[in-house]
Amino acid sequence: MGKNLNTAQSFLDKNMDVPDNILQSMTREELDTYHRMEYFRKNLTEVLDSEMDTAPLRFSSNIPDKKHTVLKRFLVLPAATLFSIAVGFSLYHTVQLQKNYRELVREETRNFITTLTSSNAWWESTVDENALSSDWFNADPIVIKSSF
Amino acid sequence: MRQMINNLSDDACIKQFQNTGEEEVFNYLLNRHRVTMRRIIYSVLKGSKEDMEDVEQEIALALFKNLPSFSVKSSFTTYLYRISRNKAVDFLRKTDRRRKIINKAALLSSRKPQELPDETLVKKSIHEEIKKVLFQLPEMERTILVLKDVEQLSLSDIGTILHKPVGTVKSRLHRARLHAAERMKAREII
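Residues numbered from 1 in each chain as written. Chains lettered and ligands numbered in written order. Predicted model: local features only at pLDDT ≥ 70, side-chain atom pairs only at ≥ 80, totals over all residues. Heavy atoms only, no water.

A. Region of interest: helix 1 (residues 3–13) of chain A. Within the span of helix 1 of chain A, buried status applies to Leu5(A), Ala8(A), Gln9(A), Leu12(A) and Asp13(A). Buried residues of helix 1 of chain A, seen end-on, are gathered within an arc of 150 degrees and therefore sit on one face of the element. Buried-residue contacts for helix 1 of chain A involve helix 3 (28–51) of chain A together with helix 9 (139–150), helix 10 (155–162) and helix 11 (166–186) of chain B. Once helix 1 of chain A ends, the next one or two residues include Asn15(A), with phi positive near 55 degrees. (Buried < 20%, exposed > 50% of the residue type's maximum accessible area, 1.4 Å probe, protein only. Helix = DSSP H or I, 4+ residues; strand = E, 2+ residues; numbered from the N terminus. Arc of directions from axis to C-beta. Contact = heavy atoms within 4.5 Å.)

This is how it looks when you write it as structure tokens:
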């Protein structure tokens, strides 16, 4: 940006008109840029205002009145407290049940493993005793005869 | 009541609101500055009128909450403009602006142009072009242009509103004006 444009902008910053001697010392290109800036600046207010809604703003804070405060204190707060207690108790109950159930499963598993390791009854009962004492176990040795 | 408030300065209105909490005083104070507030919001939101109302309500709510603890030693207008700009910027970030703008552009292009008298048409078209130039600029430059060239605030006040040093505001302002001039040249406005 040229020095003249900088100087011109400094006048605009102070809401002052740019003196003629500065405008005259500008190059053609600087002068065109300056005119565009001025045009934009002068029209901007009109452009914005043509789009503005002139209706006044209405703000309501909706602050609860005394009646609401009493209602809140004597009805809403106790109800909320009771609800929290009920939810808390049911949650506690569920956790306890789960804990008991886990303990039960663990106990059963422990019993089962003890049964497995301390006694061989489980496999004996699955094998037929006749099969163990049958001749199948006392068979004659196999003799291979060669024709050669 | 209204007559009484009309004669009060901003500081006196704030004090009265702090003492009594009267909504009428609050609304009066808010409406006294609504034009500037709306200009700032409009330039940040790139002209979306439907979003302006939401932002205005957010600003009013924030102000209503904070005004009881506001110190009258600081400038109320600077404070209000800062809230306005910040709320509008937050809103812009939250919403998917690009999608809305595309939809709006599609709607506008599909509309049949209304018949207007020549002079009004020319003025409207110039306004449209200038609006397009403004909305092409980055948000910070748009806000600085509005605060300086429309509201004629001092560079130091703008610096306070935007949390920027005066030197930065000045250089951004000069750059914004140059950018606007370049875009006007590109669009062959003048």
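B. A look at the layout of surface pockets. Residues and elements named next belong to chain B. There is about 200 Å³ of room inside the second largest pocket. In terms of residue count, the dominant contributor to the lining of the second largest pocket is helix 5 (residues 49–66) (5 residues). A per-class count over the lining of the second largest pocket returns 3 nonpolar, 1 polar and 7 charged. (1 Å grid on protein atoms, 1.4 Å probe; cavity = no way out; pocket = protein on both sides within 12 Å on 5 of 7 lines; lining within 4 Å. Points joined across faces, edges and corners; volume = space filled by probe spheres on them. Nonpolar A, V, L, I, M, F, W, Y, C, P; charged D, E, K, R; others polar.)

C. Local environment of the side chain of Arg38(B). Tracing the sequence through the fold places Arg38(B) in helix 4 (residues 34–44). Ignoring sequence-local partners within four residues, the contact set of Arg38(B) consists of Met52(A), Asp53(A), Thr54(A), Ala55(A), Pro56(A), Leu57(A), Met52(B) and Glu56(B).

D. Spotlight on unusual backbone geometry. Residue and element names in this part refer to chain B. Look at glutamine 152: it is not a glycine, yet its phi comes out positive at around 55 degrees. Within the secondary structure, glutamine 152 is located in the loop between helix 9 and helix 10. Positive phi, normally seen in glycine, also occurs at histidine 163, with a value near 60 degrees. Examined against the element boundaries, histidine 163 turns out to sit in the loop between helix 10 and helix 11.

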